[in-house]
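# Commentary on secondary and tertiary structure
Now for the letters of each chain:
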Amino acid sequence: MFFKKIFLFNFLTLTLLASSIEPIPLKLEYDYDKAILGKKLFFDKKLSKDNSISCASCHDLTKGGDDGLKFSVGIDGKLGDINAPTVLNSVFNFRQFWDGRAKDLAEQAKGPIENPIEMGHDFTKLLEGLKTSSYEKSFKAIYKNGITKENLVDAIAEFEKTLITPNSAFDRYLKGDENAINSFEKEGFELFKNKGCISCHNGVNIGGNLYSKFGMLIDVDSKNLGKYNVTKNEFDKYYFKVPTLRNISLTAPYFHDGRYNDLKEAVKTMALVQLGRPVTDLEIEKIVAFLKTLNGELKIIE
């Protein structure tokens, strides 16, 4: 009962303080030369130990920015243990990874390269190899000290900054186009607000700006302990970075453990275990219709 009261207080506070949803800007400032170099690195399988996978292998830009798998497959067919989040609009997240262990995109880019079940490489050996390739000239043209670990992830992060999806139907609605979404979708948005979804999913990325406990009201049997894995603080068990809802209909399966392929099931579960608010089938259909209006337009730099 004590924890439910705390939850109720936090829920009401978040609802009152929740930022309005903001449209994604049509463009962000970025360094073009760095981004082009980062794009080449993003798609290059040389970044993995056996030249078998690239960043794009788990973050397919043609499929919502993830790989559509419950768990990604790394070198030697090794299976990951957490669902790959979308890379699209990740520049707007306040932290990176589900457990928030990376403070920004550059720090995030370091992780998979040396993770033994992902790209499995060693930065020292990777950099040695790149210095004997055409990358040497490309890096020297941009960075005075050439190819370094920090410069490599800086370039990848600069490219990832460009991976935003503005001009969704809902963003056009926010900007004043009343006809950008239909009445059914508008009813879904009202339910999204009234049920309390907006208490965690708000701001420009409609998520990605705070942590929340998965299974706030009902235990969901999560094997992953979330933020606790980073902090070792008991209070942080099962807390995860709230994911973005941008392009959500394209990024199944859902949740950190990829437990659902159906967006309707994901909505139903969140309403019950996070909000304690049962939803009817019709309400779920309306909310999902609204969520589909969040799909934006991706333009990959050339």
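Scroll up to find the structure this text is about.
What comes next is a walk through the structure. (Residues numbered from 1 in each chain as written. Predicted model: local features only at pLDDT ≥ 70, side-chain atom pairs only at ≥ 80, totals over all residues. Heavy atoms only, no water.)

### Considerations on the overall build of the chain
As a reminder, the rule being used: Numbered from the N terminus, helices here are DSSP runs of H or I no shorter than four residues, and strands are runs of E no shorter than two. A 1.4 Å probe rolled over the protein chains alone gives each residue an accessible area, and that area as a share of the maximum for its type sets the label: buried under 20%, exposed over 50%, partly exposed in between. Whether two residues are in contact is decided by their heavy atoms: any pair within 4.5 Å suffices. Using a 1.4 Å probe, accessible areas were evaluated by the Shrake-Rupley method; residue-level cover was limited to the displayed protein chains.
When its secondary structure is counted, the chain shows 12 helices and 2 strands. Taken from the N to the C terminus, the helices and strands of the chain come in the order α-α-α-α-α-α-α-α-α-β-α-β-α-α. Counting only C-alpha atoms and orienting by the principal axes, one finds that the chain spans roughly 60 × 45 × 30 Å. Residue burial in the chain is summarised as follows: out of 302 residues, 49% are buried. Sequence-distant contacts in the chain: of pairs separated by 6 or more residues, those separated by 24 or more amount to 68%. Carbon and sulfur atoms make up 54% of the accessible area of the chain, which totals about 15,000 Å².

### Remarks on the pattern of salt bridges
Note the threshold: What makes a salt bridge here is a side-chain nitrogen of Lys or Arg within 4 Å of a carboxyl oxygen of Asp or Glu, nothing more.
Scanning all chains against the criterion turns up 14 salt bridges. Glu150 serves as the salt-bridge partner of Lys110, at 3.0 Å between the closest nitrogen and oxygen. Of this pair, Lys110 sits in helix H4 (residues 105-114) while Glu150 is found in helix H7 (residues 149-161), placing the two residues 40 residues apart along the sequence. One salt bridge in this structure joins Glu283 and Lys195, with 3.5 Å as the shortest N-O distance. Linking Glu283 in helix H12 (residues 281-292) with Lys195 in the loop between helix H9 (183-194) and strand E1 (211-213), this pair joins segments that are 88 residues apart in sequence.

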